[in-house]
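A structural walkthrough
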Amino acid sequence: MIYEIAELYIKPDAHAAFQAGVAEAVPLFKAATGCLSMRLDRDIETPDTYHLVIGWQTLENHTVDFRGSPAFQSWRGLVGSYFATPPKVEHFETVVAGF
């Protein structure tokens, strides 16, 4: 499994609307080819910062299948206006599964 971790900086007055937009987008991810999991975490010390963590079967399921789909455009339409800066998106694989 590959994890997409998107660091998202949200405008200070837009948290409730952003979180509602992410909740509305859950079915988009659930239906996406190769999408295995999805969650949104908020930074406690820096509350304008969020991490969107999505599990994909393959890197291409995210970079090709999802990003090239109408669902990606819908996702950006739901949340894009709340970004204070462009998202930082990176991909990770687990190398040690502790517990």
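Right, let's walk through the structure included here. Throughout this description, residue numbers start from 1 for each chain and increase along the sequence as written. Selection of residues for local features in this predicted model requires a pLDDT of at least 70, selection of side-chain atom pairs for listing and counting requires 80 or more, and totals for whole chains, interfaces and linings are taken over all residues. Side-chain metrics rest on all non-hydrogen atoms present in the structure, leaving aside hydrogens and water.

All right, on to the pairing of strand β1 (residues 2–9) then. Burial along β1 is one-sided: I2, E4, A6 and L8 are buried, and none of Y3, I5, E7 and Y9, which face the opposite way, are. Sheet topology note: the β1/strand β3 (residues 49–56) ladder contains eight bridges and is antiparallel. From the neighbouring strand, Y3 faces β3, where its bridge partner is G55. Strand direction decides the pairing type here: β1 and strand β4 (residues 88–93), joined by six bridges, are antiparallel. Paired with A6 across the bridge in β4 is V89. Classification of residues uses two cut-offs on accessible area relative to the type maximum, computed with a 1.4 Å probe and protein chains only: under 20% is buried, over 50% is exposed, and between them is partly exposed. Under the DSSP-based scheme used, a helix requires at least four consecutive residues in state H or I and a strand at least two consecutive residues in state E, with every element numbered from the N terminus. Two strands qualify as a pair provided that DSSP identifies no fewer than 2 bridges between them.

Attention now goes to the side chain of E4. Structurally, the position occupied by E4 is in strand β1. Here H62 takes part through its side chain, which lies 3.3 Å from a polar atom of the side chain of E4. Working rule for contacts: check all heavy atoms of both residues, and any pair within 4.5 Å makes them a contact. Sequence-distant contacts of E4, defined by excluding residues within four places in its chain, comprise L52, V53, I54, W56, H62, V89, E90 and H91. The definition of a polar contact used here is a pair of N or O atoms within 3.5 Å, where within protein one atom must be able to donate a hydrogen and the other to accept one, and adjacent residues in sequence count solely through side-chain atom pairs.

Take the nonpolar core next. Judged by nonpolar contacts, the single largest core of 20 residues is most densely connected at L8, I10, F18, F29, L52, F66 and W75. Contributing elements (two or more residues each) for this core: β1, α1 (15–30), β3 and α3 (70–79). In this structure L8 touches F18, D48, T49, Y50, L52, F83 and P87, once residues within four positions along its chain are discounted. By convention a nonpolar core is built from buried Ala, Val, Leu, Ile, Met, Phe, Trp, Tyr and Cys residues, the set being connected through side-chain atoms within 4.5 Å.

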